[in-house]
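One letter stands for each residue in the lines below.
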Amino acid sequence: MTVSRSVAKMVHKKCRSAMYPFGNLKRLLIPDEHVSWNVNISYDPPEFESPTIKNKPWADPHVDDPQFSPNYNCIDGKVNRASFMGTYRVEEKRPLNPEGRTGLKGRGVLGRWGPNHAADPIVTRWKVSGGAKQVHSSSSLPILQFCAIQRRDCNEWAIPGGMVDPGENVSETLKREFLEEAFSVLDTDKEEALRNELIITDFFKHGKEIYRGYVDDPRNTDNAWMETTAMNFHDDSGESAGKFNLKAGDDAKNVRWIDIDRNLELYASHSSFIETVAKLNNAHW
Ligand code: RP5
């Protein structure tokens, strides 16, 4: 499959909502026509950096820290500061969001200046009833289900994705995040965890890339934003990942198999990734 950023048409909207999701902070409201940095306007948004990221091992120092000299737009040591969206501008030591203004300066709650790289494993199976694939009455197409988590930070349902650790391979992140958030490996007994991990390791060898690029995440700011690699891992027979009872890990409030349908409301740009997966598998949408 050709990977394309246009697969999931990004609309930079969720990171322009009136309130920043943490810190009880109002964004400056930006009309669509003023989003692009190429449009000249007088622009003075509030600045926010959450105290929760201070001195965290996964977070950069402040840009004004004299010890901090990041190499933007490339792999900087173990940190990937390159963007899937191309070369981004850096002004006054701060990277500029490639999708334009968000109404908030600073890093907000995000750890990295510039792109914060994540990975999203979209694990799917068919909805089965009486041993046969269940077909949707409106489309006459089989119903696909995906493994979804309810995020603890905002209660929204989402793909169980997570941040790529420094130096970590994205394929490793995809599997690790799924195990941590949907399998709660740490809570199961060791033998069961090992058996599950072997099945999952094999299952995660056969993924299809769905999307690579910017995520319209509510945490994005003018100077820090989310990007992801989303991959579909499909259990066609329901005999692999699809047969497990899911169990939420620490970052998730709930986990469950959710029927895929166009009315789903999911976190950030996740609905558009799910739409791509439904169409790829010729399933109901
Ligand atoms: C989204 O945030 C990504 O698509 C991914 O699902 C998630 C990663 O952030 P955390 O879940 O680690 O907070 O933008």
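Scroll up a little and you will see the structure.
Peer 1: Help me understand the overall build of the chain, please; the structure alone is not making it clear to me.
Peer 2: Each helix and strand counted, the chain has 3 helices and 17 strands in total. By the compact-globule yardstick of 19 Å for 285 residues, the chain fits well, its C-alpha radius of gyration being 20 Å. Counting over 285 residues, the chain shows a buried share of 50%. Accessible surface for the chain amounts to roughly 14,200 Å². Of this, 49% is attributable to carbon and sulfur atoms. Of the side chains in the chain, 37 bear a positive and 41 a negative charge, and the two mean positions are spaced by 2 Å.

Peer 1: Which parts of the structure should I look at to understand the site of the ligand?
Peer 2: Around the ligand, the structure places Ala118, Asp120, Arg151, Gly161, Gly162, Met163, Val215, Asp217, Arg219, Met226 and His270. Taking Arg151, its side chain carries an N or O atom lying 2.8 Å from an oxygen atom of the ligand. At 2.8 Å from an oxygen atom of the ligand is found a side-chain nitrogen or oxygen belonging to Arg219. Relative to its unbound accessible surface of 360 Å², the ligand loses 90% to contact with the protein. Elements with a minimum of two residues in the shell around the ligand: β9 (114-126) and β14 (162-163). Partitioned by chemical class, the residues of the shell around the ligand number 4 nonpolar, 3 polar and 4 charged.

Peer 1: Teacher, can you tell me more about the packing of helix α1 (residues 170-183) against helix α2 (residues 190-203) here?
Peer 2: The angle between the axes and the distance between the axes are what describe a pair of packed helices. Running from N to C, α1 and α2 cross one another at 135 degrees; their axes reach a closest spacing of 11 Å. By the angle between their directions, the pair α1 and α2 is classed as oblique. In this structure, the crossing between α1 and α2 has a hand that is right-handed. Note on element contacts: α2 touches α1 through Asn196, Glu197, Ile200 and Thr201, opposite Lys175, Phe178, Leu179 and Phe183. In the contact of α1 with α2, the residues fall into 4 nonpolar, 2 polar and 2 charged.

Peer 1: Looking at this structure, how should I read the pattern of salt bridges?
Peer 2: Evaluation of the coordinates by the stated rule reveals 19 salt bridges. Between Arg107 and Glu49 there is a salt bridge whose closest N-O contact spans 2.7 Å. With a gap of 58 residues between them, Arg107 in strand β8 (residues 105-108) and Glu49 in strand β3 (residues 47-49) connect regions that are remote in the sequence. Since its relative accessible area comes to 1%, Arg107 is described here as buried. Given a relative accessible area of 29%, Glu49 falls into the partly exposed group. Glu168 serves as the salt-bridge partner of Arg176, at 2.8 Å between the closest nitrogen and oxygen. Judged on exposure class, the residue Arg176 and its partner Glu168 are both buried. Each of the salt bridges in this network shares a partner with another, and the network as a whole consists of Asp165, Glu168, Arg176, Glu177 and Glu180.

Peer 1: Please explain the nonpolar core as it appears in this structure.
Peer 2: The nonpolar side chains of a soluble globular protein tend to be buried with one another. Formed by 28 residues in total, the largest nonpolar core has its most connected members in Ile122, Phe146, Ile260, Phe273 and Ile274. Looking at this core, the elements that each hand over two or more residues are β9, β12 (144-151), β15 (207-215), β16 (224-235) and α3 (270-280). A per-element tally of this core places α3 first, with 4 residues. Ignoring sequence-local partners within four residues, the contact set of Ile122 consists of Phe146, Ile159, Ala230, Met231, Asn232, Phe233, Phe273, Ile274 and Val277. Formed by 21 residues, the second largest nonpolar core is a distinct cluster that contains Cys147, Phe178, Ile200 and Phe233.

Peer 1: Got a minute to help me understand the side chain of Glu209 in this structure?
Peer 2: Mapping Glu209 onto the fold places it in strand β15. Within polar-contact distance, the side chain of Glu209 engages the side chain of Arg212 at 2.7 Å.

Conventions adopted
Residues numbered from 1 in each chain as written. Predicted model: local features only at pLDDT ≥ 70, side-chain atom pairs only at ≥ 80, totals over all residues. Heavy atoms only, no water. Helix = DSSP H or I, 4+ residues; strand = E, 2+ residues; numbered from the N terminus. Rg over C-alpha atoms; globule rule 2.2 N^0.38 Å. Buried < 20%, exposed > 50% of the residue type's maximum accessible area, 1.4 Å probe, protein only. Areas by Shrake-Rupley, 256 points an atom, 1.4 Å probe, with all protein chains shown as cover. Lys, Arg positive; Asp, Glu negative; His and termini not counted. Charge placed at Lys NZ, Arg CZ, Asp CG, Glu CD. Near = heavy atom within 4 Å. Polar contact = N/O pair within 3.5 Å; in protein donor to acceptor, adjacent residues only side chain to side chain. Nonpolar A, V, L, I, M, F, W, Y, C, P; charged D, E, K, R; others polar. Axes fitted to C-alpha atoms, helices over the stretch in contact; angles between N-to-C directions. Parallel < 35°, antiparallel > 145°, perpendicular 65-115°, else oblique. Left-handed = near helix turned anticlockwise from the far one by under 90°. Contact = heavy atoms within 4.5 Å. Salt bridge = Lys/Arg side-chain N within 4 Å of Asp/Glu carboxyl O. Core = buried A, V, L, I, M, F, W, Y, C linked by side-chain atoms within 4.5 Å.

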